[in-house]
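# Architecture and fold: a report
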Amino acid sequence: MLEIKTNLQAISLRIEKACAAAGRAPNAVRLLAVSKTFPAQAVAQAHTAGQIDFGENYIQEGVEKIQALAHLPLVWHCIGPIQSNKTRLVAEHFDWVHSVDRLKIAQRLAEQRPAALGPLQVCIQVNVDGGPTKAGVPPEQAAELARQIATLPGLRLRGIMSIPEPAPDFASALAVHQRSLALYESLKAQGFDLDTLSLGMSADLEAAIQAGSTMVRVGSAIFGTRSAQA
Ligand SMILES: *Cc1c(COP(=O)(O)O)cnc(C)c1O
């Protein structure tokens with residue numbers, strides 16, 4: 001478990017170097033630690049090492065950790081697929097959701113968000129490379145979904161998220177991340193007040209930062225290799 005602290009330091013260094021290489025401020029990128037499949041205890045260790053933001057894919061699993069660690073001042077991000085019957089859990093427990101790709105899900109989150117918690121912070125998931133996972137709205141439909149989300153109470157639209165297929169090298173990772181940047185910039189030019197480009201994971205965070213990512217989602221490089229499913 002000492003490893004988590006060491007890994008977090010190594011990731012912070014990678015982020016700093018990537019920011020320097022891109023001519024960006026060292027604090028321009030927020031680190032989201034993806035704790036899916038790892039126990040609450042691992043999250044607590046990462047928090048002790050200074051980590052605040054945590055991402056979960058599996059909603060039920062995430063809610064269990066959120067409840068177990070309610071005494072810690074953590075910020076929880078839902079980054080996984082959301083079925084209609086899970087929106088209430090997301091609305092009632094998470095601070096952010098990066099994986100909104102349908103109006104129906106956004107509407108349910110808006111209706112179910114308890115007013116006392118303040119708005120749920122939302123990113124639209126975009127299928128930027130037409131990848132086979134099918135999650136994410138096609139880029140050409142993102143503006144329409146953004147317009148609809150902006151009218152919903154209880155939600156605050158912050159930006160976009162994408163999970164492109166793994167790229168063979170830096171240049172191809174950069175090229176696909178730049179398509180997300182172009183969409184993000186185009187939405188801002190259309191008047192959306194956005195500040196979050198959620199791009200990059202353990203393997204491609206340098207390319208994502210070069211492309212303008214403001215939030216990298218890092219799992220295995222912090223917590224270790226996941227077994228099976230994820
Ligand atoms: C698992 C996951 C990550 C982290 O992936 P690593 O390769 O372990 O860094 C990031 N984003 C999403 C949406 C994920 O599901």
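Scope of this entry: the structure provided in the associated data block. (Residues numbered from 1 in each chain as written. Predicted model: local features only at pLDDT ≥ 70, side-chain atom pairs only at ≥ 80, totals over all residues. Heavy atoms only, no water.)

With that settled, consider the state of the cysteines. Here a disulfide denotes one covalent bond, and it connects the sulfur atoms of two cysteines. Under the defined criterion, the tally for this structure stands at 0 disulfides. In this structure Cys 78 is a free cysteine whose sulfur lies 11 Å from that of Cys 123, the closest cysteine sulfur available. For Cys 78, a relative accessible area of 0% corresponds to the buried category. (Disulfide = S-S within 2.5 Å. Buried < 20%, exposed > 50% of the residue type's maximum accessible area, 1.4 Å probe, protein only.)

To continue, consider the site of the ligand. Taken together, the neighbourhood of the ligand is formed by Val 34, Lys 36, Asn 57, Ile 79, Ile 163, Met 201, Ser 202, Arg 217, Val 218, Gly 219, Ser 220 and Arg 226. In this structure, Ser 202 approaches the ligand through a side-chain N or O atom, which is 2.5 Å from an oxygen atom. Measuring from an oxygen atom of the ligand, one finds a backbone N or O atom of Ser 220 at 2.7 Å. Alone, the ligand offers 380 Å² of accessible surface; in the complex the protein occludes 90% of this. Looking at side-chain class alone, the shell around the ligand contains 5 nonpolar, 4 polar and 3 charged residues. (Near = heavy atom within 4 Å. Polar contact = N/O pair within 3.5 Å; in protein donor to acceptor, adjacent residues only side chain to side chain. Areas by Shrake-Rupley, 256 points an atom, 1.4 Å probe, with all protein chains shown as cover. Nonpolar A, V, L, I, M, F, W, Y, C, P; charged D, E, K, R; others polar.)

Within the secondary structure, Arg 30 is located in strand 1 (residues 30-34). Of the residues examined, Arg 30 reaches a relative accessible area of 31% and is grouped as partly exposed. Measuring from C-alpha to C-alpha, the distance between Arg 30 and Ser 198 comes to 9.2 Å, with 168 residues separating the pair along the chain. With residues up to four places along the chain from it excluded, the contact list for Arg 30 reads Asp 53, Val 75, His 77, Trp 96, Thr 214, Met 215 and Val 216. A polar contact is formed between the side chain of Arg 30 and the side chain of Asp 53, at a distance of 2.9 Å. (Helix = DSSP H or I, 4+ residues; strand = E, 2+ residues; numbered from the N terminus. Contact = heavy atoms within 4.5 Å.)

Moving on to unusual backbone geometry. What you tend to see is this: most non-glycine residues have negative phi, and most peptide bonds are trans. Phi at Thr 37 takes a positive value of approximately 75°, unusual for a residue other than glycine. Residue placement: Thr 37 occurs in the loop between strand 1 and helix 2 (40-48).

So, about helix 1 (residues 2-21). Counted at 1.5 Å a residue, the expected span for helix 1 with its 20 residues is 28 Å, and the 29 Å between its end C-alpha atoms agrees. Buried within helix 1 are the following residues: Ile 4, Leu 8, Ile 11, Ile 15, Ala 18 and Cys 19. The buried side chains of helix 1 occupy one side of the element, clustering within an arc of 100° when seen end-on. Residues Leu 2, Glu 3, Lys 17, Ala 20 and Ala 21 are exposed on helix 1 and point more than 90 degrees away from its buried face. Contacts from the buried residues of helix 1 go to strand 1, helix 2, helix 8 (205-211), strand 8 (215-218) and helix 9 (220-223). Two residues or fewer after helix 1 comes Gly 23, characterised by a positive phi angle close to 70°. (Expected span 1.5 Å × (residues − 1). Arc of directions from axis to C-beta.)

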